[in-house]
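# Understanding the architecture of this molecule
Each chain, written out:
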Amino acid sequence: MGEPGVQGQAFEVKVTLSFEDPQRMFTGLSEARRRLMLEVMNEPRTINELSTRFHRNRSAITKDAGLLEKAVAGAVAGLGSDTADG
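In this report, the structure presented in the accompanying data block is examined. (Residues numbered from 1 in each chain as written. Predicted model: local features only at pLDDT ≥ 70, side-chain atom pairs only at ≥ 80, totals over all residues. Heavy atoms only, no water.)

## As for the packing of helix α2 (residues 31-42) against helix α3 (residues 47-54)
- For the pair α2 and α3, interaxial distance at closest approach is 12 Å and the crossing angle is 125°. By the angle between their axes, α2 is oblique relative to α3. In this structure, α2 crosses over α3, and the sense of that crossing is right-handed. Residue-level inspection shows R35, L36, E39 and V40 of α2 in contact with α3, the latter providing L50, R53 and F54.
- Taken together, the residues that form the contact of α2 with α3 break down as four nonpolar, no polar and three charged. (Axes fitted to C-alpha atoms, helices over the stretch in contact; angles between N-to-C directions. Helix = DSSP H or I, 4+ residues; strand = E, 2+ residues; numbered from the N terminus. Parallel < 35°, antiparallel > 145°, perpendicular 65-115°, else oblique. Left-handed = near helix turned anticlockwise from the far one by under 90°. Contact = heavy atoms within 4.5 Å. Nonpolar A, V, L, I, M, F, W, Y, C, P; charged D, E, K, R; others polar.)

## Notes on unusual backbone geometry
- With phi around 55°, H55 is a residue other than glycine that occupies positive phi space.
- Relative to the helices and strands, H55 is located in the loop between α3 and α4 (58-82).
- Residue H55 is classed as exposed on the basis of its relative accessible area of 75%. (Buried < 20%, exposed > 50% of the residue type's maximum accessible area, 1.4 Å probe, protein only.)

## A closer look at the side chain of S51
- Examined against the element boundaries, S51 turns out to sit in helix α3.
- There is a polar contact of 2.4 Å between the side chain of S51 and the backbone oxygen of R56.
- With sequence-adjacent residues up to four places away left out, S51 is seen in contact with R56, N57, R58 and I61. (Polar contact = N/O pair within 3.5 Å; in protein donor to acceptor, adjacent residues only side chain to side chain.)

## A word on the pattern of salt bridges
- Tallied over the full model, the rule gives six salt bridges.
- In this structure, E31 engages R34 in a salt bridge whose closest nitrogen and oxygen atoms are separated by 3.0 Å. Of the two residues, E31 and R34 are both situated in helix α2; the distance of three residues between them amounts to about one turn of the helix.
- E31 gets classed as partly exposed once you look at its relative accessible area, which sits at 46%.
- Between R53 and E39 there is a salt bridge, with its nearest N and O atoms 2.9 Å apart. Pair noted here: R53 is in helix α3 and E39 is in helix α2, with a separation of 14 residues, a long-range link. (Salt bridge = Lys/Arg side-chain N within 4 Å of Asp/Glu carboxyl O.)

## Topic: empty space enclosed by the protein
- Counted under the stated rule, the structure contains one cavity of 30 Å³ or more.
- Roughly 40 Å³ of internal volume is contained in the largest cavity.
- Lining the largest cavity we find A32, R35, L36, F54, R56 and I61.
- Considering each element in turn, the lining of the largest cavity owes the most residues, three residues, to α2. (1 Å grid on protein atoms, 1.4 Å probe; cavity = no way out; pocket = protein on both sides within 12 Å on 5 of 7 lines; lining within 4 Å. Points joined across faces, edges and corners; volume = space filled by probe spheres on them.)

## Description of the environment of D64
- Mapped onto the elements, D64 comes out in helix α4.
- D64 sits in the buried class, given a relative accessible area of 5%.
- Distance in space between the C-alpha atoms of D64 and R34 is 9.8 Å, their sequence separation being 30 residues.
- Excluding anything up to four places from it in sequence, D64 contacts A32, R33, L36 and R56.

Okay, structure coming up:
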């Protein structure tokens, strides 16, 4: 058996976001964004599906998804700088 992600095998990705300022965390992760994040972590959905599910307009879902995507991308980019070479 090969490494995870090799030859079509799925692998689990976990991301931990850390905030020095708790107020910034609560500002960035509103209740609506937390619900959105939990939903797409459970099962990927389109913007239209999310808009219907949460009874929100498409532009609000698109904005929140973009903000969450940037937060995760920044956290993932920072992972490489914190690891030690083996």
